[in-house]
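Here are the chains, one letter per residue:
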Amino acid sequence: DTAVSQTPKYLVTQMGNDKSIKCEQNLGHDTMYWYKQDSKKFLKIMFSYNNKELIINETVPNRFSPKSPDKAHLNLHINSLELGDSAVYFCASSRQGTLDYEQYFGPGTRLTVT
Amino acid sequence: AQSVSQHNHHVILSEAASLELGCNYSYGGTVNLFWYVQYPGQHLQLLLKYFSGDPLVKGIKGFEAEFIKSKFSFNLRKPSVQWSDTAEYFCAVNAHTDKLIFGTGTRLQVFP
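Residues numbered from 1 in each chain as written. Chains lettered and ligands numbered in written order. Predicted model: local features only at pLDDT ≥ 70, side-chain atom pairs only at ≥ 80, totals over all residues. Heavy atoms only, no water.

Asker: Can you walk me through the nonpolar core in this structure?
Answerer: For soluble globular proteins, the rule of thumb is that nonpolar side chains tend to be buried together. In this structure, B:W35, B:L48, B:F74, B:L76 and B:Y89 are the most contacted members of the largest nonpolar core, which totals 29 residues. For this core, the secondary-structure elements that each account for two or more residues are strand 2 (10-14), strand 3 (19-21), strand 5 (32-38), strand 6 (44-50), strand 8 (64-68), strand 9 (73-78), strand 10 (87-94) and strand 12 (106-111) of chain B. Here this core takes 4 residues from strand 10 of chain B, the largest share from any one element. Counting residues in each nonpolar core, the second largest holds 20 residues, with A:I21, A:M32, A:F47 and A:I78 among its members. (Core = buried A, V, L, I, M, F, W, Y, C linked by side-chain atoms within 4.5 Å. Buried < 20%, exposed > 50% of the residue type's maximum accessible area, 1.4 Å probe, protein only. Helix = DSSP H or I, 4+ residues; strand = E, 2+ residues; numbered from the N terminus.)

This is the structure we're talking about:
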């Protein structure tokens, strides 16, 4: 059973386009996240939502807009794509109230902007 | 602000060699510590975690890590690596919040 899933797995698009990445978790978790992994493999948190409310926003350009229709889904919409947006984007989820805040990651979406 | 340092950026070993990957964090309070592994082309998987109790933590695939509070360290070890351990390894820390801070990763290559 897939725990955290993302679509699409690969996304190739041109500069200036608008695109969305979808994330779904079937773990019953309350909190979901988006991370960006750059070409040097560095992982950095972008956003975190808890029960559909934004709780972490890490100085990401406002071209990036997360949307959480319900606590099992967190989508990422990117406007006016730039070359520097090329990266792998990982979704993750965790259960609120656990002692360790362990996060479970999705398979990633490799975005290439040409 | 919290930060995580992984000083070994690229490690190359032969099969059966022993492995130790360094991880140091900067935060004065109580933390949870994690090691994640990313096999080529795959997502991150949890190897092991520490949040309380015995500072020597055993994880999957024969990995272990030791939390040394006085040194702010959480080094990952494996006594005998295999070719299949070739991957990127990430240390991460959170200070009992949802915000997980990752180190820059260590690329491990194991040659048969």
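Asker: Would you explain the interface of chain B and chain A in this entry?
Answerer: When the parts of a complex come together, some accessible area is lost, and that lost area is often used as the size of the interface. The partner chain A presents 22 residues to the 21 residues of chain B that form the contact. Interface of chain B and chain A: buried area, both sides summed, is about 1900 Å²; carbon and sulfur atoms make up 57% of it. Looking at the side of chain B facing chain A, the largest losses of area belong to B:D98, B:K99 and B:F102, adding up to 30% of the total buried there. Connecting chain B to chain A are 2 salt bridges. Where B:K49 meets A:E102, a salt bridge forms, and the shortest distance between an N and an O atom there is 2.5 Å. At the boundary of chain B and chain A, one finds 4 residue pairs in polar contact (both at pLDDT 80 or more). When residues of the side of chain B that touches chain A are traced back to their parent elements, those giving at least two are strand 5, strand 6 and strand 10 of chain B. Per-element tally for the side of chain B that touches chain A: the top contributor is strand 5 of chain B, with 4 residues. Considering only residue class, the side of chain B that touches chain A consists of 8 nonpolar, 9 polar and 4 charged. (Contact = heavy atoms within 4.5 Å. Buried area = accessible area lost by both parts, 1.4 Å probe. Salt bridge = Lys/Arg side-chain N within 4 Å of Asp/Glu carboxyl O. Polar contact = N/O pair within 3.5 Å; in protein donor to acceptor, adjacent residues only side chain to side chain. Nonpolar A, V, L, I, M, F, W, Y, C, P; charged D, E, K, R; others polar.)

Asker: It is not clear to me how the environment of B:N32 should be interpreted in this structure. Could you clarify?
Answerer: Residues and elements named next belong to chain B. Inspection of the secondary structure puts N32 in strand 5. Since its relative accessible area comes to 0%, N32 is described here as buried. Residues N32 and A95 lie 63 residues apart in sequence; the distance between their C-alpha atoms is 6.2 Å.

Asker: What's the story with the packing of aromatic side chains in this structure? I'm lost.
Answerer: The description of an aromatic ring pair uses the distance of the two centres, along with the angle that the planes make with each other. Residue and element names in this part refer to chain B. The final tally for this structure, using the stated rule, is 13 aromatic pairs over all chains. On the basis of an interplanar angle of 50 degrees and a centroid distance of 5.9 Å, the ring pair of Y36 and F102 is categorised as tilted. Highlighted residues: Y36 in strand 5 and F102 in strand 11 (residues 101-102), separated in sequence by 66 residues. Exposure remark for F102: the relative accessible area of 4% places this residue in the buried category. (Phe/Tyr/Trp six-rings, centres within 6.5 Å; stacked < 30°, edge-to-face > 60°.)

Asker: Please explain the layout of surface pockets as it appears in this structure.
Answerer: Empty space left among the atoms is revealed by rolling a probe the size of a water molecule over them. Counted as a void, the largest pocket has a volume near 280 Å³. What lines the largest pocket is a set of 20 residues, and nearest its centre among them are A:Q37, A:K41, A:V88, A:R110 and B:Q38. Sort the elements by how many residues they give to the lining of the largest pocket and strand 11 (residues 109-113) of chain A lands first, with 4 residues. When its residues are assigned to classes, the lining of the largest pocket shows 7 nonpolar, 9 polar and 4 charged. A:Y104, A:F105, B:H43, B:L44 and B:Q45 are the residues nearest the centre of the second largest pocket, which is lined by 13 residues in total. Put simply, the parts of the chain that give the lining of the second largest pocket at least two residues each are strand 10 (104-105) of chain A together with strand 6 of chain B. Counting residues per element, the lining of the second largest pocket draws most heavily on strand 6 of chain B, at 3 residues. (1 Å grid on protein atoms, 1.4 Å probe; cavity = no way out; pocket = protein on both sides within 12 Å on 5 of 7 lines; lining within 4 Å. Points joined across faces, edges and corners; volume = space filled by probe spheres on them.)

Asker: Where do I start with the sheet that holds strand 1 (residues 4-7) of chain A in this structure?
Answerer: Backbone hydrogen bonds are what pair the strands of a sheet, in a parallel or an antiparallel way. Residues and elements named next belong to chain A. The 4 strands are arranged 1-3-8-7 in an open sheet whose pairing can be described as antiparallel. Whereas interior strands pair on both sides, the edge strands pair on one side only; in this sheet they are strand 1 and strand 7 (64-70). Averaged over neighbouring strand pairs, the angle between their axes works out to 20 degrees when direction is ignored. For strand 1 and strand 3 (residues 19-25), the ladder comprises 4 bridges, and the chain directions are antiparallel. Looking across to strand 3, one finds that Q6 is bridged to C23. (Pairing = 2+ DSSP bridges. Axes fitted to C-alpha atoms, helices over the stretch in contact; angles between N-to-C directions.)

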